[in-house]
Amino acid sequence: MMLDKTYCPRDIESKNYHLWEAANIFSIRLNDDAHRSYTIMMPPPNVTGNLHMGHALTFTLQDILIRYQRMRGRDVLWQPGTDHAGIATQIIVERQLATENLNSKDLGREKFIKRIWKWKSEYGGTIANQLRQLGVSPDWSRERFTMDEGLSKAVNKVFVELYKQGFIYRDKHLVNWDPKLHTAISDLEVESREIHGYMWYLKYPIDDYNDRFITVATTRPETMLGDSGIAVHPKDDRYKDIVGKFVRLPITSRLIPIIADEYSDPEKGTGAVKITPAHDFNDFEVGRRHNLSIINIFNHNAQINENAPEIYQGLDRYDARKKIIAEFERLELLERVESHVLQVPYGDRSGVVIEPLLTDQWFVDVIKLAKPAIEAVKSGRTRFIPKHWENTYYEWMRNIQPWCISRQIWWGHQIPAWYGPDGHCFVELNESEAMDVAIDYYGKSVTLIRDVDVLDTWFSSSLWPFSTLDWPNNNDILARYYPTDVLVTGFDIIFFWVARMMMMGLHFMGDVPFREVYIHALVRDEKGQKMSKSKGNVIDPLTMIDKYGCDALRFTMAAMATQGRDIKLIKNRVEGYRNFATKIWNVARFCQMNDCKLVLDFDMKQSINRWIVGKLTKTTNYISVAIEDYRFNDAANAAYQFVWNNFCDWYIELSKPVLHGEDIFSKIETRAVIAWVFNKILHILHPFMPFITEHLWKKLFNESDNFLMTDSWPILDFKDNDIDIEFDWLIKLISNIRAVRTEMNVPQNVRVPLLIKSTNKIIRKRLIKYRENIFTMARISSIAIVECAEIHGVIQIVVDEEIIFLYLSNIIDLNQEKDRLIRNIDKFSLDIKIIEKKLDDQKFITGAPIKVIKEKRDRLNKLIEIQSNLKNALKCLHV
């Protein structure tokens with residue numbers, strides 16, 4: 001059946017995906033001992049999530065690897081799944097309850113968790129369905145969820161074992177506290193915002209020194225109620241005589257010491273720093289070094305608590321700030337106030353200012369676990385691509401701090417810890433085992449109360465490479481697919497996820513979780529800005545798919561995925577690759593219209609056919625190496641150049657005279673080669689553009705129920721160097737002639753004579769051999785060899801150091817053309833001088849925005865390039 005005239009992605013994408021899933025071809029082949037496994041762990045998107053451009057990039061690149069390796073014959077496992085996203089999911093269901101005038105406390109823990117599971121069953125599949133629209137091919141039959149029974153079993157086992165091995169402990173420590181959600185949150189859930197605020201300079205009286213004060217600068221005067229020291233630099237001469245003395249803390253009248261610590265910067269502020277160990281991470285460390293009191297002045301709502309003077313208790317932190325500033329003014333202890341730009345931490349979910357708060361939390365001693373993980377990368381057991389990300393990994397791992405793993409919410413893995421009547425803690429896999437241990441401990445049966453906290457989402461995610469393979473069960477799946485081959489992810493979670501998977505994998509599996517880690521860049525808008533709703537520059541991948549098709553978006557992601565460089569996503573690029581897909585569609589129609597069918601065995605006598613097969617071989621081998629080296633952009637661009645340039649623009653056009661000619665044997669051969677090459681093109685494009693390639697392959701080349709996805713990747717070794725050289729020369733010649741015709745405004749329908757002075761027998765032979773091709777493609781009327789020393793009325797062309805002429809004197813007025821070139825060269829010279837003068841102006845350079853300066857320089861370079869081309873054309877003009 002003839003293909004539709006117009007390519008419509010929507011008509012083929014959903015249909016083909018359903019066919020793939022129905023055929024179960026994404027699934028693993030566990031008992032296929034003849035083929036090696038290839039495994040990628042899909043970074044589990046949040047169950048609350050919707051597809052965004054970051055997903056489109058990372059999952060496209062992973063799918064390219066999976067489809068390529070599947071076609072290479074590997075038994076591939078791309079393990080899919082979603083993350084339970086503790087805080088995010090709880091917030092969504094809380095909002096849902098609010099529409100019913102309910103909240104989680106009204107329901108209680110058990111009913112609230114049931115409500116979340118109900119929400120998950122209704123909406124939890126959204127992101128997976130959106131991934132299907134992206135054309136990804138994971139083994140959906142093995143889809144996992146971090147709160148699945150099996151994964152929960154793994155989480156409990158890891159927690160219990162780490163606790164009993166001394167790696168997990170409970171301690172009072174400073175954490176990022178969200179006063180709205182009432183839970184500790186990770187650094188990744190904290191967003192820093194630039195705020196225009198103030199710096200208050202507060203005077204603290206030095207005890208036993210009449211009328212002597214030490215001034216401290218702070219952006220958070222309310223925290224002074226919890227101050228327990230003043231730090232100065234040990235080499236700061238201004239304060240040497242008072243180190244070891246005390247100040248009388250205003251409002252509270254507590255005495256706090258003046259200490260010497262290098263944390264204080266003599267060049268910053270007054271050189272003296274108020275130390276509030278309970279409400280600042282740096283101050284906490286200073287306080288530990290000097291054994292300062294840790295005074296917590298906030299409750300869980302960020303209101304002033306009972307540790308402050310009574311008149312401030314119960315006040316919101318910002319109301320307390322106003323009252324404290326007023327009191328300092330009354331006491332004449334407010335030296336001055338300055339406007340100040342500062343970075344303030346906000347909860348990314350709650351939108352409120354995060355408070356460093358001293359609370360009881362569970363921690364993992366990752367300092368010990370980090371050492372084997374560092375060594376694994378140093379020894380090459382795991383390799384980062386690009387390599388420079390290893391330095392980021394080392395930096396984080398060598399400065400690692402205890403990991404707070406507890407969260408004060410209800411949705412998540414509840415910590416398997418139970419407390420006896422005296423507060424003694426029992427950590428076991430379940431309550432029954434905890435009770436048995438408690439009876440041994442107390443000598444009788446007692447009531448146990450379970451810890452109410454849940455684990456940080458990243459804790460369960462850190463087990464993903466082996467918990468999804470049914471660990472702790474010792475099984476064939478785990479043995480075959482662990483360790484995995486590569487992890488593909490963004491740089492922003494190297495520490496939060498990659499490093500933690502490394503630590504857990506090495507500790508519990510005895511081997512690294514992945515052999516390679518490919519770190520891709522960010523997708524930004526066309527101006528290079530990070531996409532955000534507040535900026536209004538978010539590009540929705542589903543909208544792009546709906547408008548241009550999935551294959552166009554995927555190819556854009558791959559073609560722009562240069563290692564180490566962020567992607568500036570331009571919608572025109574997506575539209576351009578939609579045109580590329582249309583080009584492929586039209587080639588398929590060309591094959592049908594010219595009866596180009598796949599032939600198992602055919603001879604290649606025609607030079608043009610040998611040339612295109614040689615080019616295909618070179619391109620296919622290059623793409624294979626590029627994909628395996630994670631140079632996705634090189635692979636995609638090589639495929640694009642071969643298909644659009646070599647195959648469509650040159651080979652198809654050069655083949656048309658053969659297909660329309662009288663030589664029946666040449667026609668049979670050329671039809672067979674066109675079909676064979678196009679068949680291979682669909683293979684090499686399939687990892688990038690799965691839908692259109694699968695559809696066209698089925699329509700043109702597959703009469704069975706097989707799929708292109710599971711067909712073999714082309715392994716080609718054809719080479720004909722002489723033909724390659726000849727056709728490279730032919731293409732240069734025709735391209736140069738076309739360029740001159742355009743520059744000289746030669747009408748398209750006018751044929752021009754070609755003259756050659758060369759005595760090179762090879763060149764003369766080529767001119768004879770490819771005479772008809774040159775006539776057709778370059779619009780040449782004749783080819784003549786001339787012996788005279790000087791030739792007039794011509795334009796000179798140089799191709800591989802051979803001089804060739806186009807005779808134009810009877811077609812255009814060369815003197816007039818010469819004048820035109822000179823005028824344009826002079827005009828460009830004037831424009832160039834104006835821009836150069838501007839760029840030489842130091843006032844302009846120091847005052848203008850960088851973007852404007854760059855635009856000027858780019859414009860200058862473009863003008864110089866155009867002028868150079870005009871000068872070359874003038875040189876080649878022989879009037």
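Going by the structure above, here's the rest.
Here goes a summary of the coordinates provided. (Residues numbered from 1 in each chain as written. Predicted model: local features only at pLDDT ≥ 70, side-chain atom pairs only at ≥ 80, totals over all residues. Heavy atoms only, no water.)

Enumeration according to the criterion identifies 46 aromatic pairs in this entry. Between the aromatic rings of Phe-466 and Tyr-482, the centroid separation amounts to 6.4 Å while the plane-to-plane angle is 85 degrees, which identifies the pairing as edge-to-face. Here Phe-466 is found in helix α14 (residues 464-467), whereas its partner Tyr-482 is found in the loop between α15 (476-481) and β22 (484-490), with 16 residues between them in sequence. With a relative accessible area of 8%, Tyr-482 lands in the buried category. Geometry around Trp-644 places Lys-583 over its ring, the cationic atom sitting 4.7 Å from the centre. (Phe/Tyr/Trp six-rings, centres within 6.5 Å; stacked < 30°, edge-to-face > 60°. Helix = DSSP H or I, 4+ residues; strand = E, 2+ residues; numbered from the N terminus. Buried < 20%, exposed > 50% of the residue type's maximum accessible area, 1.4 Å probe, protein only. Lys NZ or Arg CZ within 6 Å of the ring centre and 35° of its normal.)

Here we take up helix α1 (residues 9-23). Counted at 1.5 Å a residue, the expected span for α1 with its 15 residues is 21 Å, and the 21 Å between its end C-alpha atoms agrees. Every buried residue belonging to α1 is among Pro-9, Ile-12, Glu-13, Asn-16, Tyr-17 and Trp-20, and all of these are buried. Looking straight down α1, one finds that the buried residues subtend no more than 120 degrees of arc, so they occupy a single side. Turned more than 90 degrees away from the buried face of α1, the exposed residues are Arg-10, His-18 and Ala-22. In this structure, the buried residues of α1 make contact with α2 (53-71), α6 (126-133), α17 (541-548), α18 (550-559), α19 (571-593) and α23 (690-700). Positioned one or two residues after α1, Asn-24 has a phi angle of 60 degrees, which is positive. (Expected span 1.5 Å × (residues − 1). Arc of directions from axis to C-beta. Contact = heavy atoms within 4.5 Å.)

This part takes up the sheet that holds strand β10 (residues 246-248). Spatial strand order, β10-β11-β9-β12: four strands in an open sheet with mixed pairing. Each of the sheet's edge strands pairs with one partner strand only, and the pair in question is β10 and β12 (272-275). Between one strand axis and the next, the sheet turns by 30 degrees as a mean value, whatever way the strands run. For strand β9 (residues 229-232) and β12, the ladder comprises four bridges, and the chain directions are antiparallel. Looking across to β12, one finds that Ile-230 is bridged to Lys-274. (Pairing = 2+ DSSP bridges. Axes fitted to C-alpha atoms, helices over the stretch in contact; angles between N-to-C directions.)

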